[in-house]
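# Structural description and commentary
Spelled out from the first residue to the last, the chains are:
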Amino acid sequence: KDFAKLLNMAVLKRLPGIVSMERSPLKRRNRVYLDYLQNRKGQTMAAAYSVRPEPGATVSAPLKWEEVNSNLDPKAFNIKTIGKRIQKIGDIWQEVLGEGVNMLECLGRIEKLLKN
């Protein structure tokens, strides 16, 4: 949780017009909520490719950075389309499933970001 909070603080410092750590939706209007509190014991989180229990059965789809823009439509990623997407571009989540990272090195880098 502490690592996620520091990382979110660094992202907020760089992108204050796009993201927010404000829990209240009314206070963070039109900004993406950075929820570091999901990174603690007992919290639930949707894994990549999880189907959401809502009309349209949208899917938690990993995205390429160039896909994150004002044209992004979350409803385009659903139980009927996700298979075709993976066939076309591959499983971009696979890159995340590696050896992991050196957390002390990451903390040092985040510390530098927060100081600047």
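As shown above, the structure is provided for reference.
Residues numbered from 1 in each chain as written. Predicted model: local features only at pLDDT ≥ 70, side-chain atom pairs only at ≥ 80, totals over all residues. Heavy atoms only, no water.

### Some words on unusual backbone geometry
Under the convention used in this document: Counting from the N terminus, the helices are the DSSP runs of H or I reaching at least four residues and the strands are the DSSP runs of E reaching at least two. Relative accessibility under 20% of the residue-type maximum defines a buried residue, over 50% an exposed one, and the middle range a partly exposed one, all with a 1.4 Å probe and only protein chains included.
With a phi angle near 70°, Y49 is a residue other than glycine that sits in the positive phi range. Topologically, Y49 is positioned in the loop between β2 (32–33) and α2 (82–89). Looking at Y49, the relative accessible area reads 24%, which means it is partly exposed. A positive phi angle, close to 45°, is found at A57, a residue other than glycine. The topology assignment puts A57 in the loop between β2 and α2.

### What about the pattern of salt bridges?
This is how the line gets drawn: Within this document, salt bridges are pairs made up of a side-chain nitrogen of Lys or Arg and a carboxyl oxygen of Asp or Glu, the two lying within 4 Å of each other.
Following the criterion strictly, the structure yields three salt bridges and no others. For the salt bridge of D35 with R23, the shortest nitrogen-to-oxygen distance reads 4.0 Å. Here the residue D35 occupies a position in the loop between β2 and α2, and R23 occupies one in the loop between β1 (19–20) and β2, the gap between them amounting to twelve residues. With relative accessibility at 52%, the residue R23 sits in the exposed group. A salt bridge links E111 to K115; the shortest N-O distance between them is 3.9 Å. Of this pair, E111 and K115 both sit in helix α3 (residues 103–115), separated by four residues, roughly a single helical turn. Looking at E111, the relative accessible area reads 45%, which means it is partly exposed.

### Side note on the packing of helix α1 (residues 2–14) against α3
Threshold: Every axis in this analysis is a line fitted to C-alpha atoms, fitted for helices over the stretch in contact. Angles between the N-to-C directions lie between 0 and 180 degrees. For a crossing to be left-handed, the near helix must be turned anticlockwise from the far one by less than a right angle; the clockwise case is right-handed. Here a residue-residue contact requires only that any non-hydrogen atoms of the pair lie within 4.5 Å.
Where α1 meets α3, the axes come as close as 9 Å, and the angle between the chain directions of the two elements is 35°. Of the two possible hands of crossing, α1 and α3 adopt the one that is left-handed. Where α1 abuts α3, its residues F3, L6, L7, M9, A10, K13 and R14 lie against M103, C106, L107, I110, L113, L114 and K115.

### Digging into the environment of W65
Tracing the backbone shows W65 in the loop between β2 and α2. Assessed through its relative accessible area of 76%, W65 is described here as exposed. The sequence separation of W65 and R14 amounts to 51 residues, and the corresponding C-alpha distance is 16 Å.

### Comments concerning α1
For the record, the criterion: Helix span, expected: 1.5 Å multiplied by one less than the number of residues in the helix. In this description, one arc is meant: the one made by directions from the helix axis to the C-beta atoms.
The terminal C-alpha atoms of α1, which comprises 13 residues, lie 19 Å apart, in line with the 18 Å expected from a rise of 1.5 Å per residue. Among the residues of α1, those classed as buried are A4, N8 and A10. Buried positions in α1, seen along its axis, are confined to an arc of 155° and lie on one side of it. Check the buried side of α1 and you find it contacts α3.

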